[in-house]
Amino acid sequence: MFSAGTTWLKPSRALRLCGGIWFVGVLVLFVAGCGSSGSDADPDDKEAVARAFMTQLVEGTITPGTIGFHEIPWEFVQDGKALYARYGCTVCHGMDGHGDGPISYTLKPPPRDFRDPGAYRIGRDVVTIARTLRDGMPDSPSMVPFPHIKDEERFKIAMYVASLQPPADAPSFDESPADAPSSEP
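**Overview of the overall build of the protein**
Of regular secondary structure, the protein possesses 6 helices and 2 strands. Counting the 185 residues in the protein, one finds 32% classified as buried. Here the protein has roughly 12,200 Å² of accessible surface; of this, 60% comes from carbon and sulfur atoms.

**Observations concerning the pattern of salt bridges**
Scanning the model with the defined rule gives 5 salt bridges in all. Across the pair Arg115 and Asp113 runs a salt bridge whose closest N-O atoms are separated by 2.7 Å. Taking the relative accessible area as the measure of exposure, Asp113 reaches 15% and is therefore buried. Between Asp151 and Arg154 there is a salt bridge, with the nearest N and O atoms lying 2.3 Å from each other. Residue Asp151 and its partner Arg154 are located together in helix H6 (residues 151–163), separated by 3 residues, close to a single helical turn. Using a relative accessible area of 34% as the deciding quantity, one classes Asp151 as partly exposed.

**Details of the nonpolar core**
Leu57 and Met159 are the most contacted members of the largest nonpolar core, which has 28 residues in total. At the level of secondary structure, the elements contributing two or more residues to this core comprise helix H2 (46–59), helix H3 (74–86), helix H5 (126–135) and H6. With 7 residues, the top contributor of residues to this core is H6. Setting aside its immediate chain neighbours within four residues, Met159 contacts Phe53, Met54, Leu57, Ile72, Phe76, Val77 and Val126.

**Details of a negative patch on the surface**
Residues Asp42, Asp44, Asp45, Glu47 and Glu75 make up a contiguous surface patch of negative charge. With respect to the helices and strands, the residue Asp45 is situated in the loop between helix H1 (11–32) and H2.

**So, the packing of H3 against H6**
Remark: H3 packs on H6, axes separated minimally by 7 Å, with the N-to-C direction vectors making an angle of 100°. Taken together, the axes of H3 and H6 are roughly perpendicular relative to one another. Counted together, Phe76, Val77, Asp79, Gly80, Lys81, Leu83, Tyr84 and Arg86 of H3 and Glu153, Lys156, Ile157, Met159, Tyr160, Val161 and Ser163 of H6 form the full contact between these two elements. For the contact of H3 with H6, a count of residues per class yields 8 nonpolar, 2 polar and 5 charged.

**Some points on the confidence of the model for the protein**
Mean pLDDT over the protein stands at 77; residues scoring 70 or higher make up 68%. Counting contacts from residues 1–9, a segment whose pLDDT is below 50, to residues more than four positions away or on other chains yields 13 contacts. Contacts from residues 171–185, a stretch scored under 50 in pLDDT, to residues over four places away or in other chains number 6 contacts.

**Regarding the packing of H5 against H6**
Close contact between H5 and H6 brings their axes to 8 Å; oriented N to C, the two are set at 125°. Compared by their axis directions, H5 and H6 come out oblique. Judged by the twist between their axes, the crossing of H5 over H6 is right-handed. Residues Val126, Val127, Ile129, Ala130, Arg131, Leu133 and Arg134 of H5 form the contact with H6, whose own contacting residues are Arg154, Phe155, Ile157, Ala158, Met159, Val161 and Ala162. When grouped by side-chain class, the residues that make up the contact of H5 with H6 number 11 nonpolar, no polar and 3 charged.

**A short note on the packing of aromatic side chains**
Going through the model one piece at a time under the given rule, you end up with 2 aromatic pairs. One Lys or Arg, Arg154, reaches over the ring of Phe155 and ends 5.3 Å from the middle of that ring.

Thresholds, definitions, all that
Residues numbered from 1 in each chain as written. Predicted model: local features only at pLDDT ≥ 70, side-chain atom pairs only at ≥ 80, totals over all residues. Heavy atoms only, no water. Helix = DSSP H or I, 4+ residues; strand = E, 2+ residues; numbered from the N terminus. Buried < 20%, exposed > 50% of the residue type's maximum accessible area, 1.4 Å probe, protein only. Areas by Shrake-Rupley, 256 points an atom, 1.4 Å probe, with all protein chains shown as cover. Salt bridge = Lys/Arg side-chain N within 4 Å of Asp/Glu carboxyl O. Core = buried A, V, L, I, M, F, W, Y, C linked by side-chain atoms within 4.5 Å. Contact = heavy atoms within 4.5 Å. Patch = residues over 30% accessible without salt bridge, like charges linked within 9 Å, V, L, I, M, F, W, Y side chains within 5 Å. Lys, Arg positive; Asp, Glu negative; His and termini not counted. Charge placed at Lys NZ, Arg CZ, Asp CG, Glu CD. Axes fitted to C-alpha atoms, helices over the stretch in contact; angles between N-to-C directions. Parallel < 35°, antiparallel > 145°, perpendicular 65-115°, else oblique. Nonpolar A, V, L, I, M, F, W, Y, C, P; charged D, E, K, R; others polar. pLDDT = per-residue confidence, 0-100. Left-handed = near helix turned anticlockwise from the far one by under 90°. Phe/Tyr/Trp six-rings, centres within 6.5 Å; stacked < 30°, edge-to-face > 60°. Lys NZ or Arg CZ within 6 Å of the ring centre and 35° of its normal.

The structure is reproduced here in structure tokens:
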């Protein structure tokens, strides 16, 4: 038996108590941010902020619902463009992501044109695009999974793909200016 002050505890009760204390300690450290990624990044240190952002993406802290609150580092987009070519995305989707790669005409369904926001079946945010790269497209033999691509590289490719989309407030590439809503009253 163990002593806690003047009260004697049975070994099983002492272990449960120690386990509970350990759990509370870990929880306090987690909530306080001791083990979190990027919480202490100096906002003026762009490299530290970018590293923290990538760590949060890989950990899953940033979700499809919260990715829009983050600024995507332009260096990651440039890295993603190089990775896009290196991993062979150009074979299906083309050099500029228009869905016009050399084998695109043989694929059913055809590859997506990343400029068209309506072409994304699952979602068009960075997190969802990266998940699609990892898991493939459900019910599509054309977009197979690429689980061998490292998480950071996958997110950079997704950032490049997302950069090809028109801004949310701009008309899509297939709308003519005459079809766009008028700003006049």
